[in-house]
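Topology and contacts: notes
Here is how the chains run, residue by residue.
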Amino acid sequence: MANDTPFDFTNRKAVNAALEPHLHAELASAVKGPVYLREAPSDCARFPEFTTMFNGNVTTAAKAVVLPVDAKDVSSIVTFCLKHSLSPSVKAGGFGVAGWAVGGDIVIDLCRIADTDIEVPAADGSYTGLADMCPPGSKGKQVTNGKRRREDEERPVLGRYHLASAAVQNFLKPSALRRRIDQDGSSVPSERAPSPPHIGDPGQSRSFDVPPSSASASSLSPLSVSPPTSASTGAAGPSSIHNPPPAPSRLYAATQSDGDPFGYISSGPAPVQDVIANYPPSSAITSWSSGVPLPNPFAMGQHYGAPTPIHPHVYVTFGSGMRQKQIDIFTSENPVEAKSVSGGHATIPYHVPFAAHPVGSSIMILGGFGFLGRLHGLSVDNLVEVEMVLADGSIVIVNEDSHPDLWWAVRGAGPAFGIATRYKAKAFPVPHVFAGNIIYRFHPATAASLIKHFRDCVKGAPRELYANVLLTAGPEGKDSLVVIQMCYVGTKEKGQEFLAAISSWTGETCLLNEVHEKSFLHQQDSVAQVLRAKAGRQWFIRSALITSLPDDVVHDTVLQFANTPIGCTWLFELTGGRIADIEGACIPKAQRQALFTIAALHQWEMGVDDPRCIASAEEWIADTLGPHQTGGPLPSFLGRHEAPSRIMACYGEENFARLKEIKKKYDPDNMFANSLWPVDTADEPFLREPGTPEP
């Protein structure tokens, strides 16, 4: 029977039961996309496929999963849920650790809403609004202004993360032997520990006993030189002096549409070719403002005649079912026309400021901090407009002129206000980056010195420089590591200065320095590669924003990390830059002015029951870093079992009060309770999460 009175969806918890046949028939007839039932024998494989989360510690009690193909389908599903007092939840990739995506009676998996377009601005800087574009999947006449629509049915495939860096992949592979630390902390050489990288001349590189590869050394090494060539899909730039990596269509192996949705992460490594940066890690340059001449000038890869962008930004439109890696691949395969000094054809790839892979598209309405963040802002800062389905089933286009109150709210708290179906966002030219990893062995006696060195080096860094330092434990029987990641969005020549300063620390031998010029697409995979992320494990995330990093906190952090179990990673990311410029946003100024965003990223196997996996993260974030925090974390860093007070703190007291008023206007019955929204309809703290697998 239909529900004709208001229903508080906050109290509607999904129950593990079948959807009645007449309701199934009604839902299936209302949408163009498929409907898969929990109990139906014919759907026994499809239902779990589309309700599986990256975090293995999440189960669903949903009755059905629906794969809508457009906003009209989503509207029909919401209307159906409203009519029958069923709670919806929304899955846009499945990477959310908290598991809200599969917490409803009806799971809406957006993977079929996957059209992608690139549009250069019109002469007056305007763009084609979502309302004026062809519907997803349409083959009709396209709008002008330089738009290109992807016509083929096959989406860009997701690939494997070992391609971020061949050197790092070989270094981290299970068969690699590295130095171990004995019980009293002294260094014990392994049978075959790799010597520290030191390149003495421009043409020298070093590999670690790598098997033959189908990828040529020139396709991965920054040392090879070739004359400028015409641009092609996937190239970093037409006049790049080194050979570009193979086009993404060759790099990323196809995945089965009906297989493990996260299989591309846990799949084994393919043979790769190792290279190491051609810059001595012990360079004496300590300040990038000193103007000290750089050594080894012949290895700097001058970009004579490099193309320059015609447009400061372009617009990328994409369906909410696209994972951000798919969008990065698409924009890499479709570079935009640029100016060539030689007068020939030139192109440059553009990229939306996303977080590092892997993340779903909902990052566009939750925060989103990545390698381009300091230069261009958070993902939410580069959203131009969004198509949404509201709690009453209506379809709206939300931007600064249409529904301005909702526009303010969705850029940081979006999942609580509606279901995004299409996004239009700014993308910026990134012909290449000077980026990579500098890896050291973690030793409790020296790690604090390295972290403080990193902190002091990046103080006052320009916006073009992204940098983080992370501590990562394990795998079993191997050293824990300290990894510094840098990404300079600019010339290799300038990037060398930052590398020289950061890598000048001499407290430990550098195990691997593979910072070099590469495509931004490859750099986007680097965090996942170092984390050695694996779908199906238990995941726990805690994050914070801090305003200072004093010495005592660094020392306490190192001592605490030494006792963490295998699979724990603690991350310090330099923030600031463009992020701090934004005024009057849903994510408040106080959080935007933080010095570092901190994250404890813990993963462990499903059969492991070690209280330290959670307790060590909670203790570090709440106790050690607590006195230096400002507000809550970025909303995109919220994890499992978050206290409602921490979620409210993401927005600050004043902003959260405003969000509550907007929520009452657009979703008074809390239809979208399966989200980060931390209060019920009576404004009482409340948070619902899906269940946990039985032991």
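Our structure's up above, just so we're on the same page.
Rules and cut-offs
- Residues numbered from 1 in each chain as written.
- Predicted model: local features only at pLDDT ≥ 70, side-chain atom pairs only at ≥ 80, totals over all residues.
- Heavy atoms only, no water.
- Helix = DSSP H or I, 4+ residues; strand = E, 2+ residues; numbered from the N terminus.
- Buried < 20%, exposed > 50% of the residue type's maximum accessible area, 1.4 Å probe, protein only.
- Contact = heavy atoms within 4.5 Å.
- Areas by Shrake-Rupley, 256 points an atom, 1.4 Å probe, with all protein chains shown as cover.
- Polar contact = N/O pair within 3.5 Å; in protein donor to acceptor, adjacent residues only side chain to side chain.
- Expected span 1.5 Å × (residues − 1).
- Arc of directions from axis to C-beta.
- Pairing = 2+ DSSP bridges.
- Axes fitted to C-alpha atoms, helices over the stretch in contact; angles between N-to-C directions.
- Parallel < 35°, antiparallel > 145°, perpendicular 65-115°, else oblique.
- Left-handed = near helix turned anticlockwise from the far one by under 90°.
- Nonpolar A, V, L, I, M, F, W, Y, C, P; charged D, E, K, R; others polar.
- Disulfide = S-S within 2.5 Å.
- Phe/Tyr/Trp six-rings, centres within 6.5 Å; stacked < 30°, edge-to-face > 60°.
- Lys NZ or Arg CZ within 6 Å of the ring centre and 35° of its normal.
- Salt bridge = Lys/Arg side-chain N within 4 Å of Asp/Glu carboxyl O.

**A look at the overall build of the chain**
- Helix and strand counts for the chain come out as 18 helices and 24 strands.
- For the chain, the residues scored as buried account for 62% of the 695 residues in total.
- Considering only residue pairs separated by 6 or more positions, the chain has 77% of its internal contacts joining residues 24 or more positions apart.
- Of the accessible surface of the chain, which amounts to about 25700 Å², a share of 54% is contributed by carbon and sulfur atoms.

**With respect to helix H9 (residues 404–413)**
- Counted residue by residue, H9 has 7 buried out of 10 residues, so it is predominantly covered.
- Burial in H9 covers these residues: Leu-406, Trp-407, Trp-408, Ala-409, Val-410, Gly-412 and Ala-413.
- Buried-residue contacts for H9 involve strand S14 (383–389), strand S15 (395–398) and helix H18 (652–666).

**Here we look at the side chain of Gln-326**
- Counting through the fold element by element, Gln-326 comes out in helix H7 (residues 324–333).
- Among the polar contacts listed, one links the side chain of Gln-326 to the backbone nitrogen of Arg-323, at a separation of 2.8 Å.

**Brief notes about H18**
- Between its first and last C-alpha, H18 extends 21 Å over 15 residues, near the 21 Å set by a 1.5 Å rise per residue.
- Of all the residues in H18, the buried ones are Asn-655, Phe-656, Leu-659, Ile-662, Lys-663 and Tyr-666. Projection of H18 onto a plane perpendicular to its axis shows the buried side chains occupying an angular sector of 120°, all on one side. With respect to the buried face of H18, the exposed residues turned more than 90 degrees away are Glu-653, Glu-654, Glu-661 and Lys-665.
- Considering only its buried residues, H18 is in contact with H9 and helix H17 (644–649).

**Overview of the sheet that holds strand S2 (residues 64–66)**
- As summarised here, the arrangement of the 4 strands in space is S1-S2-S4-S3, forming an open sheet in which the pairing is mixed. Looking along the sheet, the strands with just one partner apiece sit at the ends: strand S1 (35–37) and strand S3 (88–91). Strand-to-strand twist of the sheet, defined as the mean angle between neighbouring strand axes without regard to direction, takes the value 25°.
- Bridge count between S1 and S2: 3 bridges; the pairing is antiparallel. When the sheet's bridge partners are listed, Tyr-36 is paired in S2 with Val-65.

**Digging into the sheet that holds strand S9 (residues 308–309)**
- A sheet is described by the order of its strands in space; here 3 strands give the open sequence S9-S11-S12, paired in antiparallel fashion. Looking at strand neighbours, the two that pair on one side only are S9 and strand S12 (347–348), the edges of this open sheet.
- Pairing analysis gives 2 bridges linking strand S11 (residues 336–339) to S12, with the strands arranged antiparallel. Its bridge partner being in S12, Glu-337 is matched across the sheet by Thr-347.

**A word on the environment of Asp-381**
- With respect to the helices and strands, Asp-381 occurs in the loop between helix H8 (373–376) and S14.
- C-alpha of Asp-381 to C-alpha of Gly-367: the two residues are 14 residues apart in sequence and 8.2 Å apart in space.
- Not counting the four nearest positions on each side in its chain, Asp-381 is found in contact with Ile-582 and Arg-592.
- Among the polar contacts listed, one links the side chain of Asp-381 to the backbone nitrogen of Leu-378, at a separation of 2.9 Å.

**Remarks on the packing of helix H14 (residues 551–561) against helix H16 (residues 612–624)**
- Axis separation between H14 and H16 bottoms out at 11 Å; the angle between their running directions is 165°. One element, H14, and the other, H16, form an angle in the roughly antiparallel class. In terms of crossing hand, the pair formed by H14 and H16 is right-handed. Contacts between H14 and H16 pair Val-553, Asp-556, Thr-557 and Gln-560 from the former with Glu-619, Trp-620 and Thr-624 from the latter.
- For the contact of H14 with H16, the per-class residue count stands at 2 nonpolar, 3 polar and 2 charged.

**As for the state of the cysteines**
- For the structure shown, the criterion picks out 0 disulfides.
- The thiol of Cys-586 is not disulfide-bonded; the next cysteine sulfur, from Cys-650, is found 9.5 Å away.

**Description of the packing of aromatic side chains**
- Scanning the model with the defined rule gives 19 aromatic pairs in all.
- Between Phe-561 and Trp-570, the aromatic rings sit 5.3 Å apart at their centres with planes inclined by 65°, giving edge-to-face as the arrangement.
- On the accessibility criterion, Trp-570 (0% relative accessible area) is buried.
- Clustering of aromatic rings is evident, with ring pairs tying together Phe-442, Phe-454, Phe-561, Trp-570, Phe-572, Phe-596 and Trp-620.
- A cation over an aromatic ring shows up here: Arg-658 above the ring of Trp-408, its NZ or CZ 3.9 Å from the ring centre.

**So, the environment of Ala-445**
- Along the chain, the position of Ala-445 falls in the loop between strand S17 (433–441) and helix H10 (447–458).
- Separated by 114 residues in the primary sequence, Ala-445 and Leu-559 place their C-alpha atoms 9.2 Å from one another.

**Quick look at the pattern of salt bridges**
- Taken as a whole and assessed by the stated rule, the structure comprises 26 salt bridges.
- A salt bridge links Glu-26 to Lys-83, with the nearest nitrogen and oxygen atoms 3.1 Å apart. Here Lys-83 lies in helix H3 (residues 71–84) and Glu-26 lies in helix H1 (residues 21–30), a separation of 57 residues in the sequence.
- According to the relative accessible area criterion, Lys-83 is partly exposed, its value standing at 36%.
- The salt bridge partner of Asp-73 is Lys-32, with a shortest N-O separation of 3.4 Å. Separated by 41 residues along the polypeptide, Asp-73 in helix H3 and Lys-32 in the loop between H1 and S1 bring together distant segments of the chain.

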